[in-house]
Amino acid sequence: MSEYFAVAIDGPAAAGKSTVAKRVARELGALYLDTGAMYRAVGLYMLRHGVSLDDAEGIAHRAGEARVDVRYVDGIQRVFLCGEDVSQAIRENEVSAAASAVSAVPAVRKILMARQREIAAGSSVVMDGRDIGTKVLPDAPVKVFLTASAEVRARRRFEELSAKGQPVPYERLLEEIRQRDHNDATRAASPMVQAADAQLLDSSDMTVEQVVAAIVAMAREKMEGRR
Ligand code: DC
């Protein structure tokens, strides 16, 4: 058994995974790894280099050029693409679709998964994504599948973007979320599915605090059992 502890949080876009995972990591004294940010960085690379998002072969061919690095500055994850800090740039709305497209390419998944496992081998982690409980860390002692209705998620994304001064119409966000759910769940390579041993948490009617408390309680119980 690994000396380190792992919490895997998977679920659809905008379910609140990163907000929750960050807080759970802080409470448990673990490292937080946002794996979606790594796919976003590869998506940004393809956008910047004019690689068509429909061109899976082209993406696979150039995947190795997109050097993605994750570093922690004052405990906060920063994502670097070929040495440039792109933590801000990867949050642009157009990068979401690019990330979804590159994440369907097996060559991209292979590279990023190796890096994610390497990080988990050297530290206790709370990792969020789509395939953490099923593929990246199938032995994680705590697995959560965090979801919420598409409407609630679109509303949250709308408020988040509006607060940043980048309003996008709610209807468009809802459509994008539905499209991404569909892409993420139906792709052949590591589709988003709930692991058989994951706990389903629907956050539609839960506060962030309630979700965090539920996951921390699960983790503490498992940690006690390991002592
Ligand atoms: O969580 P997010 O929206 O930042 O993720 C961006 C995209 O990356 C999303 O469409 C699905 C993909 N992704 C993935 O396929 N596997 C992961 N472990 C994390 C994200």
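Data block above holds the structure.
Conventions adopted
Residues numbered from 1 in each chain as written. Predicted model: local features only at pLDDT ≥ 70, side-chain atom pairs only at ≥ 80, totals over all residues. Heavy atoms only, no water. Helix = DSSP H or I, 4+ residues; strand = E, 2+ residues; numbered from the N terminus. Expected span 1.5 Å × (residues − 1). Buried < 20%, exposed > 50% of the residue type's maximum accessible area, 1.4 Å probe, protein only. Arc of directions from axis to C-beta. Contact = heavy atoms within 4.5 Å. Pairing = 2+ DSSP bridges. Phe/Tyr/Trp six-rings, centres within 6.5 Å; stacked < 30°, edge-to-face > 60°. Lys NZ or Arg CZ within 6 Å of the ring centre and 35° of its normal. Near = heavy atom within 4 Å. Polar contact = N/O pair within 3.5 Å; in protein donor to acceptor, adjacent residues only side chain to side chain. Areas by Shrake-Rupley, 256 points an atom, 1.4 Å probe, with all protein chains shown as cover.

A. Structural detail: helix H8 (residues 170–186). For H8, with 17 residues, the first-to-last C-alpha span of 24 Å sits near the 24 Å given by 1.5 Å per residue. If you check which residues of H8 are buried, you get Tyr170, Leu173, Leu174, Ile177, Arg180, Asp181 and Asp184. Each buried residue of H8 sits inside an arc of 130° when the element is viewed along its axis, so together they form one side. Away from its buried face, by an angle of more than 90 degrees, H8 presents the exposed residues Glu171 and Thr186. Those residues of H8 hidden inside the fold are in contact with helix H2 (35–48), helix H4 (93–102) and helix H7 (150–163).

B. Broad picture of the pairing of strand S1 (residues 6–10). Counted residue by residue, S1 has five buried out of five residues, so it is predominantly covered. Burial of S1 is two-sided: the residues Ala6, Ala8 and Asp10 facing one way and the residues Val7 and Ile9 facing the other way are all buried. Bridge count between S1 and strand S7 (residues 142–147): four bridges; the pairing is parallel. Bridge pairing links Ile9 to Val144 in S7.

C. Quick peek at the packing of aromatic side chains. With the rule as written, the count across this model stands at zero aromatic pairs. Here the guanidinium or amino end of Arg71 rests over the ring plane of Phe80, the centre of that ring lying 3.8 Å away. One cation-aromatic arrangement involves Arg155 over Tyr170; the distance from NZ or CZ to the ring centre is 4.5 Å.

D. Region of interest: the site of the ligand. Looking at the ligand, there are 15 residues lining it, with Arg40, Arg109, Asp131, Arg180 and Arg187 nearest. Between an oxygen atom of the ligand and a side-chain N or O atom of Arg109, the distance comes to 2.8 Å. Here an oxygen atom of the ligand and a side-chain polar atom of Asp184 are 3.3 Å apart. In isolation the ligand has 450 Å² of accessible area, and contact with the protein removes 96% of it. Elements with a minimum of two residues in the shell around the ligand: H2, H4 and H8.

In short, shape yes, function no, at least from these values alone.
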